[in-house]
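# Survey of secondary and tertiary structure
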Amino acid sequence: MVHQVQQNPTQAVGPVTAEDCALLLSALRDAVPLVQCITNAVVTNVTANVLLALGATPAMVDIPGEARQFAPVASAVLVNLGTPTGSQREAMLEAADAANESGTPWVLDPVAVGFLAVRTQTATELVALRPAIIRGNASEIIALAGAGAGGRGVDSLDEPAAALDAARLLASRHGSVVAVSGAVDMIVAPSGAVVGVANGTPLLTQVTGGGCALGAVMAAFAALTEDPLLAAVAATGVYTIAAEHAAAVASGPGTFAAQFLDALSAITPDDVRRGLTLRSDS
């Protein structure tokens with residue numbers, strides 16, 4: 001089910017407002033979107049728990065045959081290239097194709113593309129299928145656009161600002177919203193407009209799945225609106241504000257991981273209205 005969230009131009013920071021994001025969080029809690037996750041073995045449990053804490057439902061359907069069958073049933077699909085087995089790569093392409101046929105929004109997370117050949121080829125095939133949202137770190141986005149060799153595994157060697165030209169190229173070429181993670185997350189629309197989300201904590205980089213689970217959250221929000229820019233900004237804002245709340249009471253990465261799930265469960269639309277810091281660059 002798609003929930004249309006109307007934008008209020010009098011509160012606009014660029015094309016998206018904090019109020020829009022707050023309303024979308026409320027819509028998620030009401031709708032309980034079902035997110036098909038084709039993701040990597042390292043973060044499967046983390047991703048499922050993040051979605052459950054937020055108020056969505058995860059479905060780890062990632063084998064050929066079933067992936068194609070399930071994508072039209074799901075509210076949204078996540079495709080994450082973190083540990084791509086042969087059968088999982090086949091399932092990814094099936095799910096993306098079926099999602100396009102059924103109008104199911106899907107998110108591509110091109111983990112560690114660039115210098116690793118198998119996942120880079122798979123990412124090239126997937127991005128040609130025009131995901132609603134592409135989410136990655138700066139080095140991954142630069143590599144996916146063909147402008148660099150990628151980072152060091154899941155670690156970026158580039159800052160988000162350095163990836164803006166590559167993100168704009170990808171967004172324009174494929175009609176996708178491109179979200180570049182970093183200290184300030186930069187989210188680029190196909191029009192070239194950029195919304196920055198200046199929330200978060202370095203602790204997100206010190207726990208498994210800090211970035212990968214965000215891709216699943218973007219998929220959950222994409223199920224609620226026909227505006228993928230709004231979905232990506234709202235997902236990033238909710239996720240990073242919850243991380244700030246968790247960091248405030250955590251004593252380190254271990255306690256942060258548990259506190260983060262609690263914060264995702266507890267975050268309210270009013271928290272988003274008060275805490276979201278948006279930057280606009282059109």
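Heads up: the structure comes first, above all this text.
The paragraphs below set out a description of the structure included in this document.

Calculation notes
Along each chain, residue indices are assigned from 1 in the same order as the chain's sequence is written. Reporting of local features is limited, given that this is a predicted model, to residues whose pLDDT is at least 70; pairs of side-chain atoms are given and counted only at 80 or more, and all residues count toward the totals for whole chains, interfaces and linings. As a rule here, side-chain values come from all non-hydrogen atoms in the structure, and water together with hydrogens is ignored. Buried residues are those whose accessible area, probed at 1.4 Å on protein chains only, stays under 20% of the maximum for their type, while exposed residues exceed 50% and partly exposed ones sit between those limits. Where helices and strands are cited, they refer to DSSP runs of H or I of at least four residues and of E of at least two residues respectively, numbered from the N terminus. Being paired, for any two strands, means DSSP has found at least two bridges between them. Between N or O atoms, a polar contact is any pair within 3.5 Å; within protein, one atom must be a potential hydrogen donor and the other a potential acceptor, and residues adjacent in sequence are included only when both atoms are from side chains. Contacts are assigned to residue pairs with any non-hydrogen atoms lying within 4.5 Å of each other. Here, expected helix span is obtained from the residue count minus one, scaled by 1.5 Å. Aromatic pairing here means that ring centres of Phe, Tyr or Trp (its six-membered ring) are within 6.5 Å. Orientation follows from the plane angle: under 30 degrees is stacked, over 60 is edge-to-face, and everything else is tilted. To form a nonpolar core, buried Ala, Val, Leu, Ile, Met, Phe, Trp, Tyr and Cys residues must be joined to one another through side-chain atoms within 4.5 Å. Axis lines are fitted to C-alpha atoms, over the contacting stretch for helices. Their N-to-C directions set the angle, which ranges from 0 to 180 degrees. Oblique is the label for every angle not falling under 35 degrees (roughly parallel), over 145 degrees (roughly antiparallel), or within 65 to 115 degrees (roughly perpendicular). In this classification, Asp, Glu, Lys and Arg are treated as charged, Ala, Val, Leu, Ile, Met, Phe, Trp, Tyr, Cys and Pro as nonpolar, and every other residue, Gly included, as polar.

Within strand E3 (residues 76-80), five of the five residues are buried, which leaves the element mostly enclosed by the surrounding structure. Both faces of E3 are covered, namely the face carrying Ala76, Leu78 and Asn80 and the face carrying Val77 and Val79. Sheet topology places strand E1 (residues 34-38) next to E3; four bridges connect them, and they run parallel. In the strand pairing of E3, Ile38 is matched with Val79. Looking at chain direction, E3 and strand E4 (residues 106-109) are connected through four bridges and run parallel.

So, about the side chain of Arg135. Checked against the element boundaries, Arg135 lands in strand E5 (residues 133-137). Residue classification places Arg135 among the buried residues on the basis of a relative accessible area of 6%. A polar side-chain atom of Arg135 sits 3.1 Å from a polar atom in the side chain of Asp109. There is a polar contact of 3.4 Å between the side chain of Arg135 and the backbone oxygen of Gly211. Once residues lying within four places of it in the same chain are set aside, the contact partners of Arg135 are Leu108, Asp109, Pro110, Ala179, Ser181, Gly211, Cys212, Leu214, Gly215 and Met218.

Let's shift gears to helix H4 (residues 86-102). Think of an α-helix as turning once every 3.6 residues; residues three or four places apart then point the same way. Taking 1.5 Å per residue as the helical rise, H4 with its 17 residues ought to reach 24 Å, and the 25 Å between its terminal C-alpha atoms agrees with that figure. Of all the residues in H4, the buried ones are Gln88, Ala91, Met92, Glu94, Ala95, Ala96, Ala98 and Ala99. The inward-facing, buried residues of H4 abut E1, helix H3 (66-70), E3, E4 and helix H5 (117-127). Just beyond H4, the residue with positive phi is Gly103, at close to 80°.

Let us now look at the packing of aromatic side chains. Scanning all chains against the criterion turns up two aromatic pairs. Taking 4.9 Å as the distance between ring centres and 90° as the angle between the ring planes, the aromatic pair formed by Tyr239 and Phe260 counts as edge-to-face. One end of the pair, Tyr239, is in helix H9 (residues 228-249); the other, Phe260, is in helix H10 (residues 253-266), with 21 residues separating them in the sequence. With respect to burial, Tyr239 and Phe260 carry one shared label: buried. Relative to Phe260, the ring of Phe256 lies with its centre 5.6 Å away and its plane at 10°, an arrangement referred to as stacked.

Moving on to the nonpolar core. In this structure, Ile133, Phe221, Val233, Tyr239, Phe256 and Phe260 are the most contacted members of the largest nonpolar core, which totals 63 residues. Top element by residues in this core is H9. It accounts for 13 residues. When residues no more than four places from it in sequence are discounted, the contact partners of Val233 are Val16, Cys21, Ile187, Val195, Val197 and Leu278. Counting residues in each nonpolar core, the second largest holds 37 residues, with Ala91, Ala138, Leu144 and Val178 among its members.

For the rest of this paragraph, the subject is the side chain of Thr17. Tracing the backbone shows Thr17 in the segment before helix H1 (18-31). On the basis of relative accessible area, Thr17 is assigned to the buried category, the value being 1%. Among the polar contacts listed, one links the side chain of Thr17 to the backbone nitrogen of Glu19, at a separation of 3.3 Å. Here Asp20 takes part through its backbone nitrogen, which lies 2.9 Å from a polar atom of the side chain of Thr17.

Two elements in contact, helix H2 (residues 44-54) and H10, have axes separated by 7 Å at closest approach and are oriented at 30°. It follows that H2 is roughly parallel to H10 by the angle criterion. Across the interface between the two elements, Asn49, Val50, Ala53 and Leu54 of H2 pack against Leu261, Leu264 and Ser265 of H10. Considered class by class, the residues forming the contact of H2 with H10 number five nonpolar, two polar and no charged.

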